[in-house]
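# Structure assessment
Each chain, letter by letter, is given below.
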Amino acid sequence: MPSARWEIGQLKLRPEIVWAMAISSLKVRLPRTMLTTLTISTATAFMMWLLVAPTSGDLTERQSWAVMLVLCLIVSGVGVLNTMLMSVTQRYREIGTIKCLGGLDSLVLYSTLLEAAILGLVGGIIGAILGVAIGFVLALADYGGAVLQHFSLVRLPVQILIVFGVGMLFTTMGAAIPAWIAAKMPPIEAMRGEK
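Residues numbered from 1 in each chain as written. Predicted model: local features only at pLDDT ≥ 70, side-chain atom pairs only at ≥ 80, totals over all residues. Heavy atoms only, no water.

## Looking at the overall build of the protein chain
As a reminder, the rule being used: Helix and strand assignments follow DSSP, with helices taken as H or I runs no shorter than four residues and strands as E runs no shorter than two, numbered in order from the N terminus. Categorising residues by exposure relies on relative accessible area from a 1.4 Å probe, with only protein chains included: less than 20% of the type maximum marks a residue as buried, more than 50% marks it as exposed, and the intermediate range marks it as partly exposed. We call two residues contacting when some pair of their heavy atoms lies within 4.5 Å. The protein chains shown are the only cover counted for residues, whose accessible areas, like all others here, come from Shrake-Rupley with a 1.4 Å probe.
On a plain count of helices and strands, the protein chain comes out with eight helices and two strands. Taken from N to C terminus, the helices and strands of the protein chain fall in the order β-β-α-α-α-α-α-α-α-α. Considering the protein chain as a whole, with its 195 residues, one finds that 38% of them fall into the buried category. A sequence separation of at least 24 residues applies to 79% of the contacts in the protein chain between residues at least 6 apart. Per element, the accessible surface of the protein chain, about 10,700 Å² overall, is 72% carbon and sulfur.

Structure (structure tokens):
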């Protein structure tokens, strides 16, 4: 971890400190990190597939796709929220130590949000790639050589950006409540491992 600049009772908020804390937390809890990334990747891949899959244009079919998309977003958001709450719970003593050493609430808040943003970035990239690949393979199976007539390559970059942006947004929003809880936690309670 990079050397910190100390002043009377307060650890100055520097980007490299926040970055180091977030990366360290992700490495230490590698199984949880991989599970969260898998959850985000699965949700974004499904969302991407819903956007790129050829449809007949029927109103009922479009409504069904929209309902599935909304359900996908809800499940993804709840999964990330649950994972980030568990992450904060597992780090109570670490957070208490940081705060007892003079770490500000903003340091805890930003490191938790950065951790979630990193997970969202990786999961969004993997999910977008998987979603496009699955959509293309399924369209190829349905339409054979005429797949490019039904698979819109023109809209693809915009769809990828939408899915990636929504994945990042939901991951960061899912981490906002746990990050705020962690930041506002009194150091003594955190040191005892209590909420």
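## What about the pattern of salt bridges?
This is how the line gets drawn: Just to be clear on terms, a salt bridge is a Lys or Arg side-chain nitrogen sitting within 4 Å of an Asp or Glu carboxyl oxygen.
All chains considered together, the criterion is met by three salt bridges. Between K99 and D105 there is a salt bridge, with its nearest N and O atoms 2.8 Å apart. Exposure remark for K99: the relative accessible area of 12% places this residue in the buried category. Taking the relative accessible area as the measure of exposure, D105 reaches 30% and is therefore partly exposed. Among the ionic contacts, a cluster of salt bridges with common partners joins K99, D105 and K184.

## Description of the nonpolar core
This is how it is decided: Residue types Ala, Val, Leu, Ile, Met, Phe, Trp, Tyr and Cys, when buried and joined through side-chain atoms within 4.5 Å, form a set referred to as a nonpolar core.
Of all hydrophobic cores here, the largest spans 12 residues; its members are I17, V18, M21, V88, Y92, I95, I98, L107, V108, A182, M185 and A190. V108 has contacts with I95, I98, K99, A182 and A183, leaving out every residue within four places of it along the chain. Formed by nine residues, the second largest nonpolar core is a distinct cluster that contains C72, V132, L156 and V163.

## Things to note about helix α4 (residues 92-100)
Count 3.6 residues to each turn of an α-helix, and residues three or four apart come out pointing the same way. Heads up, the condition is: This arc corresponds to the set of directions leading from the helix axis out to the C-beta atoms.
Those residues of α4 lying buried are Y92, I95, G96, I98 and K99. Around the axis of α4, the buried residues are gathered within 160 degrees of arc, so they sit on the same side. Backbone geometry just downstream of α4 places G102 in the positive-phi region, at approximately 105 degrees.

## A closer look at the packing of helix α2 (residues 30-52) against helix α7 (residues 156-184)
As a reminder of what qualifies: Helix axes are fitted only over the stretch in contact, all axes being lines through C-alpha atoms; the angle between N-to-C directions runs from 0 to 180 degrees. Crossings are assigned a handedness: left-handed for a near helix turned anticlockwise from the far helix by less than a right angle, right-handed for a clockwise turn. The nonpolar class holds Ala, Val, Leu, Ile, Met, Phe, Trp, Tyr, Cys and Pro. Asp, Glu, Lys and Arg form the charged class, and all remaining residues, Gly among them, are polar.
Orientation of α2 relative to α7, taken along the N-to-C sense of each, is 150 degrees, at an axis distance of 10 Å. Note on packing geometry: the crossing formed by α2 with α7 is right-handed. Along the contact surface, α2 presents I40, T44, M47, M48, L51 and V52, while α7 presents L156, Q159, I160, V163, V166, G167 and T171. The residue makeup of the contact of α2 with α7, split by class, is nine nonpolar, four polar and no charged.

## Topic: the confidence of the model for the protein chain
Rules: You can read pLDDT as the predictor saying how much it trusts each residue, on a scale of 0 to 100.
In the predicted model, the protein chain carries a mean pLDDT of 77, and 86% of its residues have values of at least 70. Mean pLDDT across the secondary structure elements of the protein chain bottoms out at strand β1 (residues 6-7), with 45, and peaks at helix α5 (residues 105-143), with 84.

## As for the environment of M185
With respect to the helices, strands and loops of the structure, M185 is situated in the loop between α7 and α8 (187-192). M185 gets classed as buried once you look at its relative accessible area, which sits at 4%.

## Observations concerning a nonpolar patch on the surface
Note the threshold: Residues enter patches when their relative accessible area tops 30% and they take part in no salt bridge; the joining distance is 9 Å for like charges and 5 Å for the nonpolar side chains Val, Leu, Ile, Met, Phe, Trp and Tyr.
Together, L121, V122, I125, I126, I129, L130, I134 and L138 give the surface a local cluster of nonpolar side chains, amounting to about 650 Å² of exposed area. Mapped onto the secondary structure, I125 falls in helix α5. Taking the relative accessible area as the measure of exposure, I125 reaches 42% and is therefore partly exposed.

## As for the environment of Q90
Its location among the elements puts Q90 in helix α3 (residues 59-90). For Q90, a relative accessible area of 45% translates into the label partly exposed. Through-space distance from the C-alpha of Q90 to that of R29 is 9.5 Å; in sequence the pair is 61 residues apart. Dropping the residues within four chain positions of it, Q90 is found in contact with R29 and R32.

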